[in-house]
Structures are given as structure tokens and as C-alpha cells.
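Notes for the structure review
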Amino acid sequence: QVQLVQSGGGLVQPGGSLTLSCAASGSILSIHGMGWYRQAPGNQRELVAALTSDGTINYADSVKGRFTISRDNAKNTVYLQMNRLEPEDTAVYYCNADVRTDLLIRRWYWGQGTQVTVSS
């Protein structure tokens, strides 16, 4: 049993900034990677940013240069700093983690989602 708890969503004007956080807790042996997805109404869920255990980072082209993903390994927490936000960034944002809870068990876990709305 692993829980990912998110915080930091809200309403912001275009050009503004928000920071999301996601803390993992529970029966965790190791976390192999953490990342962020988002889903706007009527759209498919898309990957925003991902950070693997070896430090490799991938961003969606639409957010590259504006968003920054980071991780605090001691706290099992991943962050998403979002700068120069645009209306097109409006979506529900979900964090995820690739977690090993047993020597033979490794699976993805998801946060509850948080709304980010960019509007003037």
C-alpha cells in the first residue's frame, strides 16, 4: 500500500507561476522514477515531465523551458515548478511513481490529481 498525496494546484493568471508537490508514503523499498501527467477535458492524459532514478529527465515539448521537475529523495517527494503559464496548461495534473514494495513487486502508483487553471 502506497499513497501519493498532491498539493499546490489553483488558479493563476497567464504568465504566472505555480508549484506542485507530490509526496509518496507507505511500504516503499525504492522508487525507480517519478513524474507528472495532465489531462484537460476531452483530451487524452499526456506526460508532462518524468525523472528517473538515474537522473534522466524528459519534458513534453509544450512545457520545455517553462516547467522544471525535481525530486527530494529523502522525502520521497517530487515537485513541478511551472513558470510562464498559459491557458493551454489548464488541466488536472497527476503525479506518478514507479515503486518497488517487495523484492518481486514493482508497479505504478498515482496521486489524486489537482486542478490547475490558467485564466485572466
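Going by the structure above, here's the rest.
Reference entry: report on the structure contained in this document. (Residues numbered from 1 in each chain as written. Predicted model: local features only at pLDDT ≥ 70, side-chain atom pairs only at ≥ 80, totals over all residues. Heavy atoms only, no water.)

The next point concerns the pattern of salt bridges. The tally for this structure, following the rule as stated, stands at six salt bridges. Arg-38 serves as the salt-bridge partner of Glu-46, at 2.7 Å between the closest nitrogen and oxygen. Using a relative accessible area of 35% as the deciding quantity, one classes Glu-46 as partly exposed. Note that Arg-106 is salt-bridged to Asp-98, the shortest N-O span being 2.7 Å. Overall, the relative accessible area of 45% leaves Arg-106 in the partly exposed class. Taken together, the salt bridges that share partners define one network made up of Arg-38, Glu-46, Arg-66, Glu-86 and Asp-89. (Salt bridge = Lys/Arg side-chain N within 4 Å of Asp/Glu carboxyl O. Buried < 20%, exposed > 50% of the residue type's maximum accessible area, 1.4 Å probe, protein only.)

In this section: the sheet that holds strand E1 (residues 2-7). Taken in spatial order, the four strands line up as E1-E3-E8-E7 in an open sheet, and their pairing is antiparallel. Each end of this open sheet is capped by a strand with a single partner; those strands are E1 and strand E7 (67-72). Shown here is a sheet whose adjacent strand axes are inclined to one another by a mean of 15 degrees, direction ignored. Alignment of strand E3 (residues 18-26) against strand E8 (residues 77-82), held across six bridges, turns out to be antiparallel. Opposite Leu-18, over in E8, you have Met-82 as the bridge partner. (Pairing = 2+ DSSP bridges. Helix = DSSP H or I, 4+ residues; strand = E, 2+ residues; numbered from the N terminus. Axes fitted to C-alpha atoms, helices over the stretch in contact; angles between N-to-C directions.)

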